[in-house]
Amino acid sequence: DFDGPVDVQFEHFDESGIDRPLIDHFDQVARRYADRPAAADNIRTLTYDELRRWAYALARRVDQAAPPGRPIGILLPHNALFPVAALACVAAGRPYVPIDLKYPDARIQAIFQEAGLAAVILLGGTEAAQRVPESAVMIALGGIPAADEQPPAVPRSAEDMAVILYTSGSTGKPKGICNDQRAILQR
């Protein structure tokens, strides 16, 4: 609704917030609404507190597995675990590259090559692992201890790259479109 929903209390986003890192905003919201649902699918519902803790625990694994600043692929179904992986990458100071499981193998290989992915997050024990280049570091999303209170201590700013989205390739070869954290916050 224009100017916020009429029947739901609505807080406008403070324009000065676009100068803060994305994960700072998320952390503030997650702590404020800790027991409220944040992400849900047909299998699970994660509260903001669970999402925050899972994302920070995974962020520590990403930080250990991948060099600073290098993009991380996310090869997951569209479910409640995707935001865990995306927030983990941002918290670890690595841009993420969503890779649709429906893409043909050739396209997945091309994205790995062009983006220079340092690692990929996927569900352990799934066929998705067979679609990943042998040289790629795989970070299995599963068995994450949801106990981390803080993200890894890495430098972060609103100018940092948050996500690289690949175009459909309708004009030829798919291209990676980079979005920094400020652009996402402005949206």
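As shown above, the structure is provided for reference.
Note that the structure is a prediction, hence the values are computed from the model and not measured.

Colleague: What is the right way to read the pairing of strand 1 (residues 37-40) from this model?
Modeller: Bridge count between strand 1 and strand 2 (residues 45-47): three bridges; the pairing is antiparallel. Each bridged residue has a counterpart across the sheet, and for Ala 40 the counterpart in strand 2 is Thr 45. Count of turn residues in the strand 1/strand 2 antiparallel hairpin: four residues.

Colleague: Can you help me understand the state of the cysteines in this one?
Modeller: Among covalent bonds in proteins, the disulfide is the one between the sulfur atoms of two cysteines. This structure, assessed with the given rule, holds zero disulfides. Note on Cys 89: no disulfide assigned, nearest cysteine sulfur contributed by Cys 178 at a separation of 14 Å. Under the relative-accessibility criterion, Cys 89 is labelled buried at 0%.

Colleague: What am I meant to see in the environment of Val 62 here?
Modeller: Mapped onto the secondary structure, Val 62 falls in helix 2 (residues 48-65). As for Val 62 and Arg 52, which are separated by 10 residues in sequence, their C-alpha atoms are 15 Å apart. Look past the residues within four positions of Val 62 in its chain and what remains in contact with it is Ile 72, Ala 92, Arg 94, Ile 121 and Ile 139.

Colleague: Sorry if this is basic, but what is going on with the nonpolar core here?
Modeller: The tendency in soluble globular proteins is for nonpolar side chains to be buried as a group. Within the largest apolar cluster, 35 residues are counted, with the highest numbers of intra-cluster contacts made by Leu 58, Ile 72 and Ile 121. Sort the elements by how many residues they give to this core and helix 3 (residues 82-91) lands first, with eight residues. In this structure Ile 72 touches Val 62, Ala 66, Cys 89, Arg 94, Pro 95, Tyr 96, Val 97, Leu 117, Ala 118, Ala 119, Val 120 and Ile 121, once residues within four positions along its chain are discounted. Ile 108, Val 120, Leu 122 and Ile 164 belong to the second-largest nonpolar core, a separate cluster that totals 15 residues.

Cut-offs applied
Residues numbered from 1 in each chain as written. Predicted model: local features only at pLDDT ≥ 70, side-chain atom pairs only at ≥ 80, totals over all residues. Heavy atoms only, no water. Pairing = 2+ DSSP bridges. Helix = DSSP H or I, 4+ residues; strand = E, 2+ residues; numbered from the N terminus. Disulfide = S-S within 2.5 Å. Buried < 20%, exposed > 50% of the residue type's maximum accessible area, 1.4 Å probe, protein only. Contact = heavy atoms within 4.5 Å. Core = buried A, V, L, I, M, F, W, Y, C linked by side-chain atoms within 4.5 Å.

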